[in-house]
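# Analysis of the macromolecular model
This is what each chain is made of:
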Amino acid sequence: MDPITLRLVAEPLIEQALREDITSEDVSTAAVMPEAHAATVQLIAKQAGIICGLDVFERTFQLLDASARVERHVAEGAAVKPGDHLADVYADARVLLSGERVALNYLQRMSGIATETHRMAALLEGTGTTLVDTRKTTPNMRVFEKEAVRVGGGTNHRYNLSDGVMLKDNHIDAAGSITAAVAAARAHMPFVRKVEVECETLDEVREAVEAGADIIMLDNMEHDVMAEAVALIAGRAETEVSGNVDEAKAAAIRDLGVDYVSSGALTHSAGILDLSMKHLRLLD
């Protein structure tokens, strides 16, 4: 993760997670390790996948012990398999015990998303279609989950509502029409931002093209209708396929020649990658 983003955006969220897990003291650790003692523990893969979140994993321990360090044996984004020794963590034993769950929660979640993204991106290789994520992220986890998509081989869509204009059905209903909504967006926003319009029918696609949309999202359309839409747009706007995009649908749209395919499943439905911290050892 970019170090500035890690410091300014991610670190306060990590601190909140640690405070959630330790409201007064870690009673288990305080009982067995009442005094500071240098120690090390191994990070082990228990499942095959793409590792992501090592910077976040390390920073979690460093927030509890500034001298904590992670000696990595794999790089961010590396493919790992069960039994791989991924890293050694060095810190006060109390910090290793108290920070373990939060650090692993981030690393497992980010690695799970990176793994799912890697699988789906592979299905689009050679097509010219870019896989992007959505805002369907876990509250207070967006910075971590979008980083995981990037590490897994995907691309980030807009980060939040301030990033760009996306006119969905309810925006269009509020404005009265696609044409009115696009005109209002052009009048309001800075010239550096693009206007994207969500379309569910060919008539809506025609109106969006005529209104001058920069990107047209083909939302929940049948395959043959999407093919007609791409032909209708004819390069006058960028194209994005969206709507319940899983691995099967990603593979099925390879022939359409769209610019982007967006998938909320990358973040809202990805599982975790099974990882574990094992073999804690006190150092002399």
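Preceding this section is the structure that the text describes.
Before going into details, it helps to say that this report is about the structure given with it. (Residues numbered from 1 in each chain as written. Predicted model: local features only at pLDDT ≥ 70, side-chain atom pairs only at ≥ 80, totals over all residues. Heavy atoms only, no water.)

### Points about the side chain of Asp88
Residue placement: Asp88 occurs in strand β5 (residues 85-92). Arg281 is the oppositely charged side chain nearest to the buried, salt-bridge-free Asp88, at an N-O distance of 6.8 Å. In contact with Asp88, other than residues within four places in its own chain, are Thr40, Val41, Gln42, Arg69, Val70, Glu71 and His73. (Helix = DSSP H or I, 4+ residues; strand = E, 2+ residues; numbered from the N terminus. Buried < 20%, exposed > 50% of the residue type's maximum accessible area, 1.4 Å probe, protein only. Lys, Arg positive; Asp, Glu negative; His and termini not counted. Salt bridge = Lys/Arg side-chain N within 4 Å of Asp/Glu carboxyl O. Contact = heavy atoms within 4.5 Å.)

### With respect to the pairing of strand β10 (residues 238-242)
Of all the five residues making up β10, four are buried; the element is thus mostly covered by neighbouring parts of the structure. Pairing of strand β9 (residues 215-219) with β10 involves five bridges; the strand directions are parallel. Opposite Asp219, over in β10, you have Ser242 as the bridge partner. Assessed by its sense of winding, the connection that carries the chain from β9 through helix α9 (residues 223-233) to β10 is right-handed. With two bridges connecting them, β10 and strand β11 (residues 260-262) associate as parallel partners. Across the sheet, the residue bridging to Val241 is Val261, located in β11. In the classification by handedness, the crossover that spans β10, the intervening helix α10 (residues 247-252) and the parallel β11 is right-handed. (Pairing = 2+ DSSP bridges. Right-handed = clockwise from strand over helix to strand, strands pointing away.)

### So, the nonpolar core
Residues Tyr106, Phe144, Val197, Val205, Ile216 and Leu218 are the most contacted members of the largest nonpolar core, which totals 57 residues. Secondary structure elements with two or more residues in this core: α1 (3-21), α4 (93-123), α5 (142-151), α7 (178-188), β8 (195-199), α8 (202-211), β9 and α9. The element best represented in this core is α4, accounting for seven residues. Setting aside chain neighbours within four positions, we find Val205 in contact with Cys199, Ile216, Leu218, Met221, Ala229, Leu232 and Ile233. Core analysis: the second largest hydrophobic core is formed by 26 residues, Leu43, Phe57, Val70 and Leu107 among them. (Core = buried A, V, L, I, M, F, W, Y, C linked by side-chain atoms within 4.5 Å.)

### A look at the environment of Glu58
Residue placement: Glu58 occurs in helix α3 (residues 54-62). Beyond its immediate chain neighbours, meaning those up to four positions away, Glu58 contacts Arg69, Val70 and Arg72.

### Quick look at the pairing of β9
Burial analysis of β9 places five of its five residues in the buried class, which makes it a mostly covered element. Sheet topology note: the β8/β9 ladder contains four bridges and is parallel. Paired with Glu198 across the two strands is Met217, which belongs to β9. Crossover β8 to β9 through α8 is right-handed.

### Brief notes about the sheet that holds strand β1 (residues 38-45)
One open sheet accounts for four strands, arranged β3-β5-β1-β12; its pairing is antiparallel. Either end of the sheet is taken by a strand with one partner, and the two such strands are β3 (69-72) and β12 (275-282). Strand-to-strand twist of the sheet, defined as the mean angle between neighbouring strand axes without regard to direction, takes the value 25°. Pairing geometry for β1 and β12, over six bridges, is antiparallel. Each bridged residue has a counterpart across the sheet, and for Ala39 the counterpart in β12 is Leu282. (Axes fitted to C-alpha atoms, helices over the stretch in contact; angles between N-to-C directions.)

### Examining the sheet that holds strand β7 (residues 165-167)
The pairing of strands in a sheet happens through backbone hydrogen bonds and is either parallel or antiparallel. The sheet built from six strands is open, its strands ordered β6-β11-β10-β9-β8-β7 with parallel pairing. Either end of the sheet is taken by a strand with one partner, and the two such strands are β6 (130-132) and β7. Averaged over all adjacent pairs, the angle separating strand axes in this sheet is 25°, with direction ignored. Two strands pair when backbone bridges link them, and β7 and β8 are joined in this way by three bridges, in the parallel orientation. What sits directly across from Met166, in β8, is Glu196.

### Topic: the packing of aromatic side chains
Per the stated rule, a full pass over the model turns up two aromatic pairs. Plain terms: the ring middles of Phe57 and Phe61 are 5.2 Å apart, the flat faces sit at 80° to each other, and that makes the pair edge-to-face. Of this pair, Phe57 and Phe61 both sit in helix α3, four residues apart, which is roughly one turn of that helix. With a relative accessible area of 0%, Phe57 lands in the buried category. Measuring from ring centre to ring centre gives 4.6 Å for Tyr106 and Phe144, while their planes differ by 40°; the resulting arrangement is tilted. With Tyr106 in helix α4 and Phe144 in helix α5, this residue pair connects regions lying 38 residues apart in the sequence. (Phe/Tyr/Trp six-rings, centres within 6.5 Å; stacked < 30°, edge-to-face > 60°.)

In short, geometric facts, not functional conclusions.
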